[in-house]
Amino acid sequence: MPAVLDNVAAVRHAAMDLLARREHGRVELSRKLRQRGASDEHIEAALDRLSEEGLLSEARYLESFISYRARSGFGPQRIRDDLSQRGLARADVEQALRESGIDWREGLRETWQRKFAGQLPGDARERAKQMRFLVYRGYPMDLVGQLLRGGFDD
């Protein structure tokens, strides 16, 4: 039987267990604790304290999430949408993306190389297929178009 989260200490302990596995955003952590039966009042008190102690950090979560998703071949637009769905403020997401230092052109090129073996499309159908995939992964249409026209050979 799962532990009952009926006091702030129990909620804090559950939150720390989740944070030990990976960084979480406040909204995501609140949702997970609520699913485990914690009250909103206890969640807020526990998360406020974890934030004050530096154990819960939206900035660290953003940095970790952006880095992980970029290494997984996702572009800035997809990452931005994923973070917005997780309840993070748009301005914070934009700032974290700007400060990430990620070379999105290089990420696009690597994703394209992995998926299409670096083969430029030979016809309109193949071009549309490659473009759809790369835009779905979150890369800007203009950057994808430039890559598929061979424009990255600089």
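Residues numbered from 1 in each chain as written. Predicted model: local features only at pLDDT ≥ 70, side-chain atom pairs only at ≥ 80, totals over all residues. Heavy atoms only, no water.

Cut-off, in case you're wondering: UniProt positions are given in the numbering used here, feature names are shortened, and annotations may be inferred rather than shown by experiment.
By the naming in an unreviewed UniProt entry, the protein chain is Regulatory protein RecX, taken from Pseudomonas straminea. According to UniProt, the comment filed for the protein chain under the heading Function (unreviewed entry) is "Modulates RecA activity." As recorded by UniProt, the Subcellular location (unreviewed entry) comment attached to the protein chain reads in full: "Cytoplasm".

1. Concerning unusual backbone geometry
Using the following cut-off: The way it works is that DSSP assigns letters per residue, a run of H or I at least four long becomes a helix, a run of E at least two long becomes a strand, and they are numbered from the N terminus.
Of note in this structure, A117 is not a glycine but carries a positive phi near 55°. By secondary structure assignment, the location of A117 is in the loop between helix 7 (104–116) and helix 8 (124–136).

2. Section: the environment of P140
We count it as follows: Any two residues whose heavy atoms approach within 4.5 Å at even a single point are treated as in contact.
By the element assignment, P140 lies in the loop between helix 8 and helix 9 (141–148). Taking the C-alpha atoms as reference points, P140 and G73, 67 residues apart in sequence, are found 13 Å from one another. If sequence neighbours within four positions are ignored, P140 has contacts with P76 and Q77.

3. Side note on the packing of aromatic side chains
We count it as follows: Any pair of Phe, Tyr and Trp rings, taking the six-membered ring for Trp, is counted once the centres come within 6.5 Å. Such a pair is stacked with planes under 30 degrees apart, edge-to-face with planes over 60 apart, and tilted for the rest. Residue exposure (1.4 Å probe, protein chains only): buried if accessible area is under 20% of the type maximum, exposed if over 50%, otherwise partly exposed. Any Lys NZ or Arg CZ found within 6 Å of a ring centre and within 35 degrees of that ring's normal is scored as a charge over the ring.
Taken as a whole and assessed by the stated rule, the structure comprises two aromatic pairs. A centroid spacing of 5.9 Å and a plane angle of 45° characterise the contact between Y61 and F65, whose relative ring orientation is tilted. A residue pair is termed a helical-turn pair when its members lie 3 or 4 positions apart in one helix, as Y61 and F65 do in helix 4 (residues 58–71) at four residues. Each member of the pair Y61 and F65 is classed as buried. Here F116 and F133 contribute two aromatic rings whose centre-to-centre distance is 5.7 Å and whose plane-to-plane angle is 85°, an arrangement assigned as edge-to-face. Pair noted here: F116 is in helix 7 and F133 is in helix 8, with a separation of 17 residues, a long-range link. The same class applies to F116 as to F133, namely buried. Taking NZ or CZ as reference, R69 lies 4.0 Å from the ring centre of F74, over its face.

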